[in-house]
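Each chain is listed here by its residues.
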Amino acid sequence: MKELTKAEEQVMQLLWKLEKAFVKDIIEEMPVPKPAYNTVSTIIRILEKKGFVGHNAYGKTHQYFPLISRKEYTRSFMKNFMRNYFSGSFQEMVSFFAKEDNMSMSELDEMMEDVKRDIENENRETDE
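Let me begin by describing the structure that accompanies this report. (Residues numbered from 1 in each chain as written. Predicted model: local features only at pLDDT ≥ 70, side-chain atom pairs only at ≥ 80, totals over all residues. Heavy atoms only, no water.)

### With respect to the overall build of the protein
- What the protein contains, in helices and strands, is 6 helices and 2 strands.
- Mapped in sequence order, the helices and strands of the protein form the string α-α-α-β-β-α-α-α.
- Principal-axis analysis of the C-alpha atoms gives the protein an extent of 55 × 40 × 25 Å.
- Each of the 128 residues in the protein was classed as buried or not, and the buried ones make up 24%.
- Residue pairs at least 24 apart in sequence account for 45% of intrachain contacts in the protein once pairs closer than 6 positions are excluded.
- Looking at the protein as shown, the accessible area adds up to about 9,300 Å², and 52% of this sits on carbon and sulfur atoms.
- Across the protein, the 19 positively charged side chains and the 23 negatively charged ones have centroids separated by 10 Å. (Helix = DSSP H or I, 4+ residues; strand = E, 2+ residues; numbered from the N terminus. Buried < 20%, exposed > 50% of the residue type's maximum accessible area, 1.4 Å probe, protein only. Contact = heavy atoms within 4.5 Å. Areas by Shrake-Rupley, 256 points an atom, 1.4 Å probe, with all protein chains shown as cover. Lys, Arg positive; Asp, Glu negative; His and termini not counted. Charge placed at Lys NZ, Arg CZ, Asp CG, Glu CD.)

Quick look at the structure:
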(Lines give C-alpha, C1' and ligand atoms only; values in the text may rest on other atoms or scores of the structure.)
Protein backbone atom coordinates (compact mmCIF):
# COMPACT_ATOMS: atom_id res chain seq x y z
CA MET A 1 0.00 0.00 0.00
CA LYS A 2 1.32 3.44 -0.91
CA GLU A 3 1.97 6.03 1.78
CA LEU A 4 -0.07 9.21 1.79
CA THR A 5 1.37 12.70 1.48
CA LYS A 6 0.55 15.12 4.29
CA ALA A 7 -2.26 16.74 2.26
CA GLU A 8 -3.67 13.36 1.20
CA GLU A 9 -3.62 12.14 4.78
CA GLN A 10 -5.46 15.26 5.98
CA VAL A 11 -8.23 14.59 3.44
CA MET A 12 -8.35 10.87 4.29
CA GLN A 13 -8.62 11.64 8.03
CA LEU A 14 -11.69 13.75 7.27
CA LEU A 15 -13.19 11.11 4.96
CA TRP A 16 -12.69 8.43 7.61
CA LYS A 17 -14.45 10.71 10.09
CA LEU A 18 -17.30 11.67 7.73
CA GLU A 19 -17.55 8.19 6.09
CA LYS A 20 -18.84 9.76 2.87
CA ALA A 21 -18.71 13.34 1.69
CA PHE A 22 -18.80 15.80 -1.17
CA VAL A 23 -15.75 18.02 -1.70
CA LYS A 24 -17.58 20.96 -0.07
CA ASP A 25 -18.23 18.82 3.05
CA ILE A 26 -14.52 18.04 3.35
CA ILE A 27 -13.60 21.71 2.95
CA GLU A 28 -16.09 22.69 5.68
CA GLU A 29 -14.25 20.41 8.13
CA MET A 30 -10.82 21.87 7.31
CA PRO A 31 -9.17 24.54 9.44
CA VAL A 32 -8.87 28.17 8.34
CA PRO A 33 -7.42 29.20 5.95
CA LYS A 34 -9.46 26.76 3.92
CA PRO A 35 -7.89 25.43 0.70
CA ALA A 36 -9.43 26.14 -2.70
CA TYR A 37 -12.15 23.79 -3.94
CA ASN A 38 -9.96 22.75 -6.91
CA THR A 39 -7.08 21.86 -4.58
CA VAL A 40 -9.19 19.47 -2.52
CA SER A 41 -10.85 18.08 -5.64
CA THR A 42 -7.42 17.33 -7.13
CA ILE A 43 -6.27 15.59 -3.94
CA ILE A 44 -9.44 13.47 -3.94
CA ARG A 45 -8.84 12.42 -7.56
CA ILE A 46 -5.25 11.45 -6.70
CA LEU A 47 -6.55 9.40 -3.75
CA GLU A 48 -9.00 7.72 -6.11
CA LYS A 49 -6.20 6.81 -8.55
CA LYS A 50 -4.17 5.39 -5.65
CA GLY A 51 -7.15 3.20 -4.65
CA PHE A 52 -7.90 4.89 -1.33
CA VAL A 53 -11.20 6.52 -2.32
CA GLY A 54 -14.27 5.59 -4.34
CA HIS A 55 -17.24 7.70 -5.40
CA ASN A 56 -20.90 7.71 -6.28
CA ALA A 57 -21.88 10.07 -9.11
CA TYR A 58 -24.97 12.26 -8.84
CA GLY A 59 -25.03 14.07 -12.19
CA LYS A 60 -21.87 16.17 -12.28
CA THR A 61 -21.40 15.91 -8.49
CA HIS A 62 -19.49 13.12 -6.77
CA GLN A 63 -19.83 11.84 -3.24
CA TYR A 64 -16.60 10.24 -2.04
CA PHE A 65 -16.00 7.45 0.46
CA PRO A 66 -12.93 5.59 1.75
CA LEU A 67 -12.08 2.23 0.20
CA ILE A 68 -9.34 1.61 2.78
CA SER A 69 -10.13 1.75 6.49
CA ARG A 70 -8.11 3.84 8.91
CA LYS A 71 -7.07 0.63 10.66
CA GLU A 72 -5.80 -0.95 7.41
CA TYR A 73 -3.78 2.15 6.54
CA THR A 74 -2.38 2.48 10.07
CA ARG A 75 -1.29 -1.16 10.05
CA SER A 76 0.49 -0.77 6.70
CA PHE A 77 2.05 2.58 7.65
CA MET A 78 3.37 1.26 10.97
CA LYS A 79 4.82 -1.88 9.35
CA ASN A 80 6.69 0.29 6.83
CA PHE A 81 7.76 2.69 9.58
CA MET A 82 9.15 -0.15 11.69
CA ARG A 83 10.89 -1.70 8.70
CA ASN A 84 12.43 1.61 7.56
CA TYR A 85 13.51 2.97 10.95
CA PHE A 86 13.79 0.00 13.32
CA SER A 87 14.85 -2.92 11.11
CA GLY A 88 11.31 -4.30 11.41
CA SER A 89 11.77 -4.82 15.15
CA PHE A 90 8.91 -3.86 17.46
CA GLN A 91 11.31 -4.28 20.38
CA GLU A 92 13.75 -1.73 18.89
CA MET A 93 10.91 0.72 18.29
CA VAL A 94 9.55 0.42 21.84
CA SER A 95 13.05 0.71 23.26
CA PHE A 96 13.68 3.87 21.22
CA PHE A 97 10.47 5.58 22.37
CA ALA A 98 10.93 4.44 25.96
CA LYS A 99 14.38 6.04 26.02
CA GLU A 100 13.30 9.19 24.16
CA ASP A 101 10.33 9.76 26.48
CA ASN A 102 12.28 8.79 29.62
CA MET A 103 9.62 6.23 30.48
CA SER A 104 9.75 4.69 33.92
CA MET A 105 9.67 0.92 34.35
CA SER A 106 6.11 1.10 35.66
CA GLU A 107 4.99 3.09 32.59
CA LEU A 108 6.70 0.57 30.32
CA ASP A 109 5.05 -2.33 32.19
CA GLU A 110 1.67 -0.62 31.91
CA MET A 111 2.16 -0.09 28.17
CA MET A 112 3.08 -3.75 27.67
CA GLU A 113 -0.01 -4.84 29.63
CA ASP A 114 -2.16 -2.64 27.36
CA VAL A 115 -0.58 -4.20 24.26
CA LYS A 116 -1.10 -7.69 25.69
CA ARG A 117 -4.78 -6.92 26.41
CA ASP A 118 -5.29 -5.51 22.90
CA ILE A 119 -3.74 -8.62 21.32
CA GLU A 120 -5.91 -10.93 23.45
CA ASN A 121 -9.05 -8.95 22.54
CA GLU A 122 -8.14 -9.02 18.85
CA ASN A 123 -7.59 -12.80 19.02
CA ARG A 124 -10.98 -13.27 20.69
CA GLU A 125 -12.68 -11.19 17.98
CA THR A 126 -10.98 -13.27 15.26
CA ASP A 127 -12.13 -16.53 16.87
CA GLU A 128 -15.79 -15.44 16.97
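### Looking at a negative patch on the surface
- Where like charges cluster on the molecular surface, the negative patch consists of Glu100, Asp101, Glu107 and Glu110.
- In this fold, Glu110 is placed in helix α6 (residues 105-127). (Patch = residues over 30% accessible without salt bridge, like charges linked within 9 Å, V, L, I, M, F, W, Y side chains within 5 Å. Salt bridge = Lys/Arg side-chain N within 4 Å of Asp/Glu carboxyl O.)

### Here we look at the packing of aromatic side chains
- Inspection of every chain in the model, using the stated rule, returns 10 aromatic pairs.
- Arranged with centres 6.2 Å apart and planes meeting at 55°, the rings of Phe22 and Tyr58 form a pair that is tilted. In this pair, Phe22 is assigned in the loop between α1 (6-18) and α2 (23-29) and Tyr58 in strand β1 (residues 53-58), connecting sequence segments 36 residues apart.
- Judged by relative accessible area, Phe22 falls into the partly exposed class, the value being 22%.
- Residues Phe96 and Phe97 carry aromatic rings whose centres are separated by 5.1 Å and whose planes lie at 80° to one another, so their mutual orientation is edge-to-face.
- Of the aromatic side chains, those joined through ring pairs into one cluster are Trp16, Phe52, Tyr73, Phe77, Phe81, Tyr85, Phe86, Phe96 and Phe97. (Phe/Tyr/Trp six-rings, centres within 6.5 Å; stacked < 30°, edge-to-face > 60°.)

### Some thoughts on the pattern of salt bridges
- Counted by the stated rule, this structure contains 4 salt bridges.
- With its nearest N and O atoms 2.7 Å apart, the salt bridge here joins Lys50 to Glu8. One end of the pair, Lys50, is in the loop between α3 (37-49) and β1; the other, Glu8, is in helix α1, with 42 residues separating them in the sequence.
- A salt bridge links Lys24 to Asp25; the shortest N-O distance between them is 3.3 Å.
- Lys24 sits in the partly exposed class, given a relative accessible area of 49%.
- Using a relative accessible area of 21% as the deciding quantity, one classes Asp25 as partly exposed.

### Observations regarding the side chain of Glu8
- Looking at Glu8, the relative accessible area reads 5%, which means it is buried.
- Contact partners of Glu8, with chain neighbours within four places excluded, come to Glu3, Ile43, Ile46, Leu47 and Lys50.

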